[in-house]
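Inside the fold
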Amino acid sequence: MTSTDTAAVPTGRAAADALGRVTAELSGALGAEQVITDRQRLRTYECDGLAQYKVVPGLVVLARDADDVAAAVGACARHGVPFVARGSGTGLSGGALPQAEGVLIVMSQMRQIREIDAANQRAVVDPGVINLALTRETTPDGYYFAPDPSSQSVCSIGGNVAENSGGAHCLKYGFTTNHVTGLDLVTPAGEHVEIGGKAPDPPGYDLLGALVGSEGTLGIVTEVTVRLTRLPQEVQTVLAGFRSTDDAGAATSAIIAAGVIPAAIEMMDALSIEAAEKAVACGYPAGAGAVLVVEVDGAAADVAGELAEVLRHCEANGAFETRIAADDVERALIWKGRKSAFAAVGRISPDYIVQDGVIPRTALPQVLRQIADLAAERGVRVANVFHAGDGNLHPLVLFDDAEEGAAERAEEVAGGILELCIANGGSITGEHGVGSDKARYMPKMFTEEDLDTMQAVRCAFDPDNISNPGKVFPTPRLCGERPGRRQGAHPLQEAGLAEVF
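Overview of the structure. On a predicted model such as this, the values are computed, not experimentally measured, just so you know. (Residues numbered from 1 in each chain as written. Predicted model: local features only at pLDDT ≥ 70, side-chain atom pairs only at ≥ 80, totals over all residues. Heavy atoms only, no water.)

Comments concerning the overall build of the protein
Rules: Strands are runs of DSSP state E lasting at least two residues, helices are runs of H or I lasting at least four, and both sets are numbered from the N terminus onward. As a reference, a globule follows 2.2 Å times the number of residues to the power 0.38, and the radius of gyration itself is taken over C-alpha atoms. Here the term buried applies to any residue with accessible area under 20% of the maximum for its type, exposed to any over 50%, and partly exposed to those in between, with areas from a 1.4 Å probe on protein chains only. The contact criterion used throughout is that any non-hydrogen atoms of two residues lie within 4.5 Å. Note on areas: Shrake-Rupley with a 1.4 Å probe; residue coverage comes only from the protein chains shown. None of His or the chain ends enter the tally, which takes Lys and Arg as positive and Asp and Glu as negative. For this purpose, a charge sits on NZ of Lys, CZ of Arg, CG of Asp or CD of Glu.
Scanning the protein for helices and strands turns up 17 helices and 20 strands. Here the C-alpha atoms of the protein give a radius of gyration of 24 Å, agreeing with the 23 Å that 2.2 N^0.38 yields for 501 residues. Within the protein, the fraction of its 501 residues that count as buried is 52%. Put simply, 72% of the contacts in the protein that link residues at least 6 apart link residues at least 24 apart. As presented, the protein carries roughly 21000 Å² of accessible surface, and 50% of it is formed by carbon and sulfur atoms. One way to put it: in the protein the 40 positive side-chain charges average out to a point 3 Å from where the 66 negative ones average out.

Have a look at this one:
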């Protein structure tokens, strides 16, 4: 990458003037159909899936191709105007929250599947392609796109790249980063750059690893080369009902400890089951305090053995009912309850916060009890639905915003859950990203030196801090403040733990 002419980020009146110059420039270059300035239309884009945070963008650009993206970003760079990329707007951490005096670049019209290379198990897609659309397109050839977040019928692959999305089957197949082999990027300076391609493991620094999950802070992806996964020969799906989440958690640990790696192990507690039943009538076991949805796949002979192990450990740990899906219709109904859980909670609560944290799998029973205690202290209900196999929690904190103080108590519980995750050796996010929502929790996980190092990476791509500013990092820092040679003794040197040469 090389630098181009850029401007320092203006503030106050100068920021409004700079945005005015960008608006004039892009209106002339792209036309009125692609540049939105009307206040009412701008409000359509004031939030993503995390509706608690809203900012009306200063300008919206509807990109149709990579050149449009480069034109918009280039104009922002020349005038020092911040920009934010947005895919389908399904993110749950405020990662696509706009800037009031910035440009929101909407990628949802870039939806072309450019190439399916089944022989080499690769596909090349625009960032706005819907996750599930790629699987539907490749299934006739015997392949699919493995990352499957719950929003896969509406979320975009570009958004999956930004957040390093996972999904129910990431326990066996990994996250988005394990399925991306190449990216085309428009850098914060407005340049086109190609990173990787169809070949695996290119030499040099792992820039793909840095870009996937960077939440739009290092540039905007305009094309994605993904790895396609062969459809399994055999799939078996089990629904198991338990009296408590403790029993379901014990069964999960026993299955993994036995050496079985299912494609998915999902858990729902009684409150989330109640919501799913009201929404989609999924027919889960009556009276269950928790259910597990366990899926095993692969070669038929292997699946038969793994299925027997799953059933044995579920029954040994208190499952009072187990069902094996007889066909694709029954499998779809089992998954319908799980996949609808987030939206279904709207049937039992007018408002809710979807939290996302990770803990060691063995800590599941302990942390679930701690969450229940925390919720009881604040008088807030919490429904739990999560990827039990890899300890990725998605507590749904329920509240009624019409009740005075309810939203604040819900926010306290949601934040307390993240602190529980950290205290139990986990992380503040598993797959939803940090975004605007969790930036303030980053210092609870990382030291100042850790954050300085991350900031140095960001500044290498975006020295003017215009690419999705205000996300990931708790305190905006100018790249002029990026760490150089340390002044004074390093803390490890002072502690006698290291020597400086």
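We are not done yet, so read on.
Thoughts on the side chain of E163
Filter applied, for reference: Here a salt bridge means any side-chain nitrogen of Lys or Arg lying within 4 Å of a carboxyl oxygen belonging to Asp or Glu.
Take E163: it is sitting in helix α5 (residues 157-163). As a buried residue without a salt bridge, E163 has its nearest oppositely charged side chain in K471, at a separation of 8.6 Å. Those residues in contact with E163, other than ones at most four positions away along the chain, are S93, G95, G213, E215, E431, H432 and G433.

Focus on the packing of helix α8 (residues 245-257) against helix α10 (residues 300-316)
Angle between the axes and distance between the axes: these two values describe a pair of packed helices. So the rule is basically this: For helices, the fitted axis covers only the stretch in contact; all axes are lines through C-alpha atoms, and the angles between them, taken along N-to-C directions, range from 0 to 180 degrees. Crossing chirality is assigned from the near helix's rotation relative to the far helix, an anticlockwise turn below a right angle marking it left-handed and a clockwise turn marking it right-handed. Side-chain classes are defined by residue name, with Ala, Val, Leu, Ile, Met, Phe, Trp, Tyr, Cys and Pro counting as nonpolar, Asp, Glu, Lys and Arg as charged, and the others, Gly among them, as polar.
Closest axis-to-axis distance for the α8/α10 pair is 9 Å, and the angle between their directions is 145°. The handedness of the crossing between α8 and α10 is right-handed. Seen from α8, the contacting residues are A251, A254 and I255; seen from α10, they are V310, H313 and C314. Of the residues belonging to the contact of α8 with α10, the class tally is five nonpolar, one polar and no charged.

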